[in-house]
Amino acid sequence: GAGVSQSPSNKVTEKGKDVELRCDPISGHTALYWYRQSLGQGLEFLIYFQGNSAPDKSGLPSDRFSAERTGGSVSTLTIQRTQQEDSAVYLCASSSARGVNEQFFGPGTRLTVL
Amino acid sequence: QKEVEQDPGPLSVPEGAIVSLNCTYSNSAFQYFMWYRQYSRKGPELLMYTYSSGNKEDGRFTAQVDKSSKYISLFIRDSQPSDSATYLCAMRNNAGNNRKLIWGLGTSLAVNP
């Protein structure tokens with residue numbers, strides 16, 4: 001079956017603009033995770049959804065970052081007023097309700113803020 | 001100090017070599033230990049995970065956890081060029097409904113034919 005998909009694959013934006021990143025999880029996976037990966041920082045947890053609710057959003061770096069999930073499926077990560085330090089690869093993963101250790105990752109969105 | 005430390009390498013070995021990859025951690029509450037593999041421009045994929053201490057073997061891969069030393073290892077036997085990738089360790093505790101994985105930086109491995 002289809003894996004996790006993310007769009008766009010690449011996004012170049014100017015400092016101060018808003019961006020939206022999309023994630024389509026594997027069908028039937030109730031858990032969805034957003035991570036940020038940058039050189040020297042490794043994978044950084046941002047937020048976790050179970051269904052449409054986010055029990056853990058402790059990793060969001062600032063109030064410029066928000067995420068939502070609708071219909072227990074697609075999720076959107078929004079970054080407002082982008083800064084150069086937001087440049088990174090944003091990865092989405094999904095898992096079954098009990099499969100937290102086995103997360104299936106998408107290919108990521110490479111965000112560059114000029 | 002990071003909760004999980006992992007030497008980023010890079011590590012370069014000849015084909016057929018035994019590879020040893022390691023992570024150390026500081027949080028004694030971690031109970032689940034995972035190894036993911038990430039190819040260039042791709043998302044990570046799970047290789048194997050271990051609960052608590054002990055060894056786990058899957059084909060050419062063996063994961064070891066030593067909780068007393070807060071040290072985990074991944075061994076790759078008979079390494080192949082297709083094993084060239086970045087290997088990431090990840091771990092989490094079992095408290096409540098915690099689902100947050102804490103990740104190492106990843107070790108870049110090149111297996112040369």
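Here, the structure is the one placed above.
Quick notes on the rules
Residues numbered from 1 in each chain as written. Chains lettered and ligands numbered in written order. Predicted model: local features only at pLDDT ≥ 70, side-chain atom pairs only at ≥ 80, totals over all residues. Heavy atoms only, no water. Helix = DSSP H or I, 4+ residues; strand = E, 2+ residues; numbered from the N terminus. Rg over C-alpha atoms; globule rule 2.2 N^0.38 Å. Buried < 20%, exposed > 50% of the residue type's maximum accessible area, 1.4 Å probe, protein only. Pairing = 2+ DSSP bridges. Salt bridge = Lys/Arg side-chain N within 4 Å of Asp/Glu carboxyl O.

### With respect to the overall build of chain B
- Helix and strand content of chain B: zero helices and eleven strands.
- What you see in chain B, going N to C, is helices and strands ordered as β-β-β-β-β-β-β-β-β-β-β.
- Its C-alpha atoms give chain B a radius of gyration of 14 Å, within 12% of the compact-globule value 13 Å for 113 residues.
- Dimensions of chain B, computed from the C-alpha atoms along their principal axes, are close to 45 × 30 × 25 Å.
- The buried share of chain B, taken over its 113 residues, is 42%.

### Brief notes about the sheet that holds strand 8 (residues 71–76) of chain B
Residues and elements named next belong to chain B.
- Here five strands make up an open sheet; going across it, the order is 1-3-8-7-6 and the pairing antiparallel. Among the strands making up the open sheet, the edge pair consists of strand 1 (4–5) and strand 6 (54–58).
- With two bridges joining them, strand 1 and strand 3 (residues 19–25) adopt antiparallel strand pairing. Bridge pairing in strand 3 links valine 4 to tyrosine 25.

### Comments concerning unusual backbone geometry
- The peptide bond linking serine 7 of chain A to proline 8 of chain A adopts the cis configuration, its omega dihedral lying at -10°.
- With respect to the secondary-structure elements, proline 8 of chain A resides in the loop between strand 1 (5–7) and strand 2 (10–13).
- A positive phi is found at arginine 41 of chain B, a non-glycine position, where the angle reads about 65°.
- Structurally, arginine 41 of chain B is set in the loop between strand 4 (30–38) and strand 5 (45–51).
- One non-glycine residue, lysine 70 of chain B, lies in positive phi territory at about 55°.
- By secondary structure assignment, the location of lysine 70 of chain B is in the loop between strand 7 (61–66) and strand 8.
- Lysine 70 of chain B gets classed as partly exposed once you look at its relative accessible area, which sits at 26%.

### Some thoughts on the pattern of salt bridges
- Using the criterion set out here, one finds six salt bridges over all chains in the structure.
- One salt bridge connects arginine 36 of chain A with glutamate 44 of chain A, and the closest N-O pair in it is separated by 3.1 Å.
- Residue class for glutamate 44 of chain A comes out partly exposed when judged on its relative accessible area of 27%.
- Residues arginine 77 of chain B and glutamate 57 of chain B are paired through a salt bridge, measuring 3.4 Å at the closest nitrogen-oxygen approach. Placement of the pair is arginine 77 of chain B in the loop between strand 8 and strand 9 (85–93) and glutamate 57 of chain B in strand 6, with a sequence separation of 20 residues.

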